[in-house]
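# Close look at the chain arrangement
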Amino acid sequence: MNPGMPGRFITLVRRLAESGRLSSAGEYRELLDPDVAADDLETLRQEARRLADRVFGRGVYMRALVEITNRCRNNCLYCGIRRDNRALERYALTPGQILDCCATAYAAGMRTFVLQGGENPDFTCDSVCAVVKAIHGRWPDAAVTLSLGEWPDAAYEAFFRAGASRYLLRQETVDALHYGKLHPPGMSRDNRLRCQASLKRIGFQTGAGIMVGSPWQTLDNIAADLAYMAELGPHMIGIGPFIPHSATPLGGFPPGSVPLTLRLISILRLMFPGANIPATTALATLDPEGRRKGILAGANVVMPNVSPSHVRESYALYDGKSHSGAEAVEGLATLAHELGGIGFEINFERGDFKNI
Ligand code: 5AD
């Protein structure tokens, strides 16, 4: 190669850093090249981190994760709380228990509550709205985020009116055939994308994202997800490695790659400078340094678990899911210390999407 001339990878990184976009899925695919030189990858990481520093400084937002139920009508082939997993004790927190979790989180300083759960058939639009209203009424300065799967548009609208302002719903994969392999008949990529579009239209800060290294996923699939998200314009992006769960049909597949997940965090940061991107629990589960590596790759959010300790074991999306130490509200001091070690600190502000 011509010395002094940047190679193709760096050319694309620079273009992405300047404009936030590449022109095709094919170009995103080039950024996923497995054979790229280590120092080119390091350049990508540094560009992403520099941008995150400019937007968020050295603060990391806290989101209190309340796992409100592990009951689920769905049967996603990768997920440990799928309907057919009979080896799981099922629970649903009562509204009172959910409020107690929020109180704990609020007392610890957190100003975002994320209510996440399976698609519990006993939950109605009204029952979800009642909890959201109660939380919003009691802590009007905190943001309520929902992560409760697919609902009709009318329900999303009601959640929004009740006071929820953010909604997390990963597409998992934008490829319809790949989606079909990971999900049971009756679920569809089209409905998932309909939900994401509705959430945005209604006015939610909307979260999208994928599992990295899910079975049968190709680099072309990931490139298609990047191109799709470039069109969608999500405000939050959840991205973590696939981790097998032994009681699921996909339990025999290998886990996703941590380095590829980190590379994607950096690419997504360059695409979405103001988006809230967590260093996910899945990343921290696969690699003891995963959380710190995620922040150093451009993530700006950590989601400490505030679920009652007796249910945490039952919210097993995948094997080995960590829910203690720096991953939990009791471990905030540990987390602060861990972040401090790389020059970061906890930021307890609500941290709404920044339109950069
Ligand atoms: N490995 C990694 N992530 C998983 N999720 C569900 N099951 C797994 C798994 N086996 C993720 C999905 C979902 C989020 C709540 O958890 O991406 O959107």
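Cut-offs applied
- Residues numbered from 1 in each chain as written.
- Predicted model: local features only at pLDDT ≥ 70, side-chain atom pairs only at ≥ 80, totals over all residues.
- Heavy atoms only, no water.
- Salt bridge = Lys/Arg side-chain N within 4 Å of Asp/Glu carboxyl O.
- Helix = DSSP H or I, 4+ residues; strand = E, 2+ residues; numbered from the N terminus.
- Buried < 20%, exposed > 50% of the residue type's maximum accessible area, 1.4 Å probe, protein only.
- Pairing = 2+ DSSP bridges.
- Right-handed = clockwise from strand over helix to strand, strands pointing away.
- Near = heavy atom within 4 Å.
- Polar contact = N/O pair within 3.5 Å; in protein donor to acceptor, adjacent residues only side chain to side chain.
- Areas by Shrake-Rupley, 256 points an atom, 1.4 Å probe, with all protein chains shown as cover.
- Nonpolar A, V, L, I, M, F, W, Y, C, P; charged D, E, K, R; others polar.
- Phe/Tyr/Trp six-rings, centres within 6.5 Å; stacked < 30°, edge-to-face > 60°.
- Axes fitted to C-alpha atoms, helices over the stretch in contact; angles between N-to-C directions.
- Left-handed = near helix turned anticlockwise from the far one by under 90°.
- Contact = heavy atoms within 4.5 Å.
- Core = buried A, V, L, I, M, F, W, Y, C linked by side-chain atoms within 4.5 Å.
- Lys, Arg positive; Asp, Glu negative; His and termini not counted.

We now examine the pattern of salt bridges. In this structure the tally under the stated criterion is 26 salt bridges. As a salt-bridge pair, R45 and E42 come within 2.9 Å of each other at their nearest N and O atoms. You can see R45 and its partner E42 sitting in helix α3 (residues 38–56), three residues apart, about one turn around the helix. Judged by its relative accessible area of 31%, E42 falls in the partly exposed class. When salt bridges that share partners are traced, they join R8, R15, E27 and E30 into one network.

Attention now moves to the pairing of strand β3 (residues 112–117). Summarising burial for β3: six of the six residues are buried, a large majority. Side chains of β3 alternate between two faces, with T112, V114 and Q116 and F113, L115 and G117 buried alike. With five bridges connecting them, strand β2 (residues 64–69) and β3 associate as parallel partners. Counterpart to E67 in the pairing with β3 is Q116. Considered for its hand, the β-α-β crossover made up of β2, helix α4 (residues 95–107) and β3 is right-handed. Sheet topology places β3 next to strand β4 (residues 143–147); five bridges connect them, and they run parallel. When the sheet's bridge partners are listed, Q116 is paired in β4 with S147. In this fold, β3 hands off to helix α5 (residues 125–138), which returns the chain to β4; that crossover is right-handed.

All right, on to the site of the ligand then. Lining the immediate surroundings of the ligand are Y78, C79, Q116, R170, E172, M211, P241, F242, I243, L317 and Y318. Between Y78 and the ligand, the recorded distance is 3.0 Å, taken from a backbone N or O atom to a nitrogen atom. At 2.7 Å from a nitrogen atom of the ligand is found a main-chain nitrogen or oxygen belonging to I243. Against a free-state accessible area of 400 Å², the protein chains account for coverage of 87% of the ligand. Broken down by class, the residue content of the shell around the ligand amounts to eight nonpolar, one polar and two charged.

For the rest of this paragraph, the subject is the sheet that holds strand β8 (residues 301–302). Pairing within the open sheet is parallel, and its three strands lie in the order β8-β1-β9. If you trace the sheet from one side to the other, it starts and ends with β8 and β9 (345–347), each paired once. The sheet contact formed by strand β1 (residues 59–62) and β8 spans two bridges and is parallel. Its bridge partner lying in β8, Y61 is registered against V301.

Turning to the packing of aromatic side chains, a few remarks are in order. Taken as a whole and judged by the stated rule, the model has nine aromatic pairs. Ring geometry for Y106 and W139: centres 6.1 Å apart, planes at 25°, overall stacked. Highlighted residues: Y106 in helix α4 and W139 in the loop between α5 and β4, separated in sequence by 33 residues. Ring geometry for W151 against F159: centres 5.1 Å apart, planes inclined by 80°, an arrangement best described as edge-to-face.

Moving on to the packing of α4 against α5. A pair of packed helices can be characterised by two numbers: the angle between their axes and the separation between those axes. Closest axis-to-axis distance for the α4/α5 pair is 10 Å, and the angle between their directions is 35°. You can see that α4 and α5 cross each other, and the crossing is right-handed. Residues P95, I98, L99, C102 and A103 of α4 touch α5, and the partners they reach there are V131, A134, I135 and R138. When the residues that make up the contact of α4 with α5 are grouped by side-chain class, the tally is eight nonpolar, no polar and one charged.

Here the focus is the sheet that holds strand β7 (residues 236–241). Pairing within the open sheet is parallel, and its six strands lie in the order β2-β3-β4-β5-β6-β7. For this open sheet the edge positions go to β2 and β7, each flanked by a neighbour on one side alone. Strand after strand, the sheet turns through a mean of 20° between neighbouring axes, direction not considered. Against the sheet, α4 engages β2 and β3, with an angle of about 145° to β3. Running over the sheet, helix α8 (residues 189–202) touches β5 (164–168) and β6 (205–212) and is turned about 155° from β6.

A few words on the nonpolar core. Counting 114 residues, the largest nonpolar core has I135, L146, Y156, F159 and Y167 as its most contacted members. Here this core takes nine residues from helix α10 (residues 258–271), the largest share from any one element. If we ignore the near neighbours within four places in the chain, the residues touching L146 are L115, V128, V132, F159, A164, R166, Y167 and L168.

Along the chain, the position of R63 falls in the loop between β1 and β2. For the buried R63, which has no salt bridge, the nearest side chain bearing the opposite charge is D352, at an N-O separation of 6.9 Å. Side-chain polar atoms of R63 contact the backbone oxygen of R350, separated by 2.6 Å. Looking at R63, its side chain comes within polar contact range of the main-chain oxygen of G351, at 2.8 Å. Residues in contact with R63, not counting those within four places in the same chain, are M110, T112, V114, R166, N276, V301, V302, M303, P304, E349, R350 and G351.

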